[in-house]
Amino acid sequence: MSQQPQLRTVVVLAAGEGKRMKSALPKVLHPLLGRTLVGHVLSAAEPLAADRTVVVVGHGADQVRAHLAEIAPQATPVLQAEQLGTGHAVRIALDAVPEISGTVVVINGDVPLLRPETVGAFVEAHERGAAAATVLAAEVPDPTGLGRVLRDVDGRLQQIVEQRDATPAQREIREINAGIYAFDAVRLRAALGKLSTDNDQGEEYLTDVFGLLGSAGEPVAVHVAADHVETLGCNDRVELAALRRLLRDRVNEAWMRTGVSLLDPDTTWIDVTVALDRDVVVDQNTQLRGSTVVGAGALVGPDVTLVDTVVGPDASVVRSHAVGAEVGTGASVGPYAYLRPAARLAEKAKVGTFVEVKNSEIGTGSKVPHLTYVGDATIGEQSNIGAATVFVNYDGVNKHRTVIGSHARTGADNMFVAPVAVGDGAYTAAGSVIDHDVPAGALGVGRARQRNIEGWVVKRRSGTAAAEAAERARRAAEGVAASGSVESEGDALHGDAKPVSHAVGTGDTATE
Ligand code: UD1
Ligand code: CA
């Protein structure tokens, strides 16, 4: 940046309760697509490169302070114990930073749609014009509840009057105070000392500074925002929802312009903190939140929520929910998968339908296709986990890990009772409870031997349809036996169990 002529101090007003939110949470901490209201305001002020940032806190001060420590540790919180008005709030803020000159920029904590470019241009205009005070104004369709900008016949700012103190004629004015101001520090401080509480709310109004300075012959200016939407405040949850839709549209448009396809922008909600690469396709009804990153050419949606999740290039995530997960290049997730924190899928891995994964690595090309819980596991490369498997990671007190090697084929309906390991190239039989390690290349079988009690149904359930069917089958078999047997030798994957059917132990899941 070019050299800055002025010291800059930013003051964010965030002490109000926000009564109309009807919330236990202070208003400025309500979230809006990835940042709190105050977070949005602080980030809009970032390009000012302020020498000092003060945030006035009051209602829920501890909560707001804790939040600031996280998102803006460089900002100084200053307590306004009693909310005696916006003027009072700025006075307290300046008392906390006694030696200031230059520009003081004040921003209400509840105008989250302000763009950084708008704030930057506004402050530069103020500094160029050498005004004592400049207010950002906007022409709005419905000015109800807002402070009106009163100008004289020459269009010069006279004063700002609040709705509740305004005459019926003044209420007709649609040019409003947006709640962001730039001041010359010295003249602001002097004027703050002269504020009265002679108004409908009995508060010290920051806006009165303009009338005071103006009538003392100091130059005061109005800067009109090109887009009034940026100046919309948030006083209740209906307004918050409206702001959320406006911000969604802004974010979505920006992504589409950088080469991302949004198939249904109206049902796509992308936090301002998310990053998307080129040719990402986002299908309908999808929420991308927090620090989520999606790589080039990946397909996300429909019906997907990703929170703090990294999706690699060319991966696909369909009808699924992921929190703190990593999906590798070309990997596939869903439909109906749940990826929990530290679920890590390597390149071309697959997590299929009704599969939950937590704190586990699934290696390159490995597949967990159906109905499975993978918790605290490491799965090598090119392995296949049979349907309906549970990685039994919890003994009621501690969590334990399961390690599956590479090129393993585990059978359907397995329980891996951790800690346990299955070696490279090993198989396990369907229906096994695997609570001992299976060496590389071995077949692990851990299930009860089946026994058949011949003729049981005919004896114990005679007269039922089942018994009649059994009789018919017996007679048909006798007919076949008379003309030669076709019985199978079974399949090696049945292990030491006696072959009773022709299904392969690892199930059909070895294929896809
Ligand atoms: C204020 C302006 C109004 C403007 C509107 C824009 C005043 C007197 N009025 O009205 O002209 O059109 O914003 O949105 O300034 N706050 C404190 N301490 C206090 C009082 C308020 O920190 O003692 C904070 C609030 O948390 C909020 C901001 O200041 O973030 C504005 O206060 P609010 O009560 O919302 O003012 P408005 O009535 O909206
Ligand atoms: Ca307000």
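This is a predicted model, so every value here is computed, not measured.

The next thing to look at is the confidence of the model for the chain. On average, residues of the chain carry a pLDDT of 93, and 93% of them reach 70 or more. The low-confidence segment residues 487-512, where pLDDT is below 50, has 44 contacts with residues more than four positions distant or belonging to other chains.

With that out of the way, let us pick up the coordination of the calcium ion (ligand 2). Asp110 (OD) and Asn235 (OD1) make up the full set of protein donors to the calcium ion (ligand 2), lying at 2.5 to 2.9 Å. Taken together, the residues Asp110 in the loop between β6 (103-108) and α4 (116-129) and Asn235 in the loop between β11 (220-224) and α8 (237-257) connect sequence positions 125 residues apart. Residue Asp110 shares its accessibility class with Asn235, and that shared class is buried.

Another aspect to go through is the pairing of strand β10 (residues 175-184). Judged by how many residues are buried, β10 sits mostly within the fold: 10 of 10 residues are covered. As paired elements, β6 and β10 share five bridges and run antiparallel to each other. By the bridge assignment, Val105 is partnered in β10 with Ala182. Pairing between strand β7 (residues 133-139) and β10: six bridges, direction antiparallel. Residue pairing for β10: Glu139 is matched across the bridge by Glu175.

All right, on to the nonpolar core then. Leu306 and Leu339 are the most contacted members of the largest nonpolar core, which has 56 residues in total. Among the secondary structure elements, those contributing two or more residues to this core are α8, β25 (337-339), β26 (343-345), β27 (350-358), β29 (367-375), β30 (377-379) and β36 (420-422). With five residues, α8 is the largest single contributor of residues to this core. Three or more residues apiece are contributed to this core by two domains, here domain 1 (8-231) and domain 2 (259-444).

Taken as a whole and assessed by the stated rule, the structure comprises 21 salt bridges. Among the salt bridges present, the one from Lys27 reaches Asp110, with a minimum N-O distance of 2.9 Å. With Lys27 in the loop between β1 (8-14) and β2 (31-32) and Asp110 in the loop between β6 and α4, the pair connects residues that are 83 residues apart, well separated along the chain. The burial state of Lys27 is the same as that of Asp110; both residues are buried. Among the ionic pairs, Asp303 bridges to Arg319, the shortest N-O distance being 2.3 Å. With Asp303 in the loop between β18 (299-300) and β19 (305-307) and Arg319 in the loop between β21 (316-317) and β22 (321-323), this residue pair connects regions lying 16 residues apart in the sequence. Several salt bridges converge on common partners, so that one network encompasses Glu471, Arg474, Arg475 and Glu478.

Taken as a whole, the chain is organised into domain 1 (8-231) and domain 2 (259-444). One C-alpha centre belongs to domain 1, the other to domain 2; they are set 48 Å apart. Across the domain 1/domain 2 interface, buried area totals approximately 390 Å², and carbon plus sulfur atoms make up 66% of it. The tally of links from domain 1 across to domain 2 stands at zero salt bridges. Grouping the amino acids of the side of domain 1 that touches domain 2 by side-chain chemistry returns one nonpolar, two polar and one charged.

Right, let's get into the site of ligand 1. By nearness alone, 22 residues border ligand 1, and Gly16, Gln80, Thr86, Glu162 and Asn177 come closest of all. Within the backbone of Leu84, one N or O atom sits 3.4 Å away from an oxygen atom of ligand 1. Separating an oxygen atom of ligand 1 from a side-chain N or O atom of Asn108 is a distance of 2.9 Å. Relative to its unbound accessible area of 750 Å², ligand 1 is 88% covered by the protein chains. Of all the elements in the fold, those that place two or more residues in the shell around ligand 1 are β1, α3 (86-95) and β10. At three residues, β10 tops the list of elements feeding residues into the shell around ligand 1. Here the residues of the shell around ligand 1 are counted per class, giving nine nonpolar, 11 polar and two charged.

Rules behind the numbers
Within every chain, residues take consecutive numbers counted from 1 along the sequence as written. For naming, the first written chain is A and the first written ligand is 1, with later ones following in the order written. Confidence filtering applies because this is a predicted model: local features only for residues at pLDDT of at least 70, side-chain atom pairs given and counted only at 80 or more, and all residues used for totals across whole chains, interfaces and linings. No hydrogens and no water enter the side-chain calculation; it runs on all heavy atoms of the structure. Residue-level confidence of the predictor is summarised by pLDDT, bounded by 0 at the bottom and 100 at the top. Pairs of residues are marked as contacts when any of their non-hydrogen atoms sit within 4.5 Å. Each metal site is built from N, O and S donor atoms within 2.8 Å (3.2 Å for Na, K and Ca), and since water is not included, such sites may look incomplete. The numbering of helices and of strands both runs from the N terminus, where a helix is a DSSP run of H or I of at least 4 residues and a strand a run of E of at least 2. Accessible area is worked out with a 1.4 Å probe on protein chains only. A residue is then buried under 20% of its type maximum, exposed over 50%, and partly exposed in between. If DSSP finds at least two bridges between two strands, the strands pair. Among buried residues, the Ala, Val, Leu, Ile, Met, Phe, Trp, Tyr and Cys ones that are joined through side-chain atoms within 4.5 Å form a nonpolar core. Note that domain bounds follow an automatic or database assignment of domains. Note on definitions: salt bridges are taken to be side-chain nitrogens of Lys or Arg within 4 Å of carboxyl oxygens of Asp or Glu. Here's the idea: put two parts together, see how much 1.4 Å probe accessible area each one loses, and the total over both is what we call buried area. Throughout this entry, Asp, Glu, Lys and Arg are counted as charged residues, while Ala, Val, Leu, Ile, Met, Phe, Trp, Tyr, Cys and Pro are counted as nonpolar. The remaining residues, Gly among them, count as polar. If even one non-hydrogen atom of a residue comes within 4 Å of a molecule or strand, that residue is called near it. Think of a polar contact as two N or O atoms within 3.5 Å of one another; within protein, one of them needs to be a possible hydrogen donor and the other a possible acceptor, and neighboring residues in sequence only count if both atoms come from side chains. What sets the accessible areas is the Shrake-Rupley method with a 1.4 Å probe; for residues, cover comes only from the shown protein chains.

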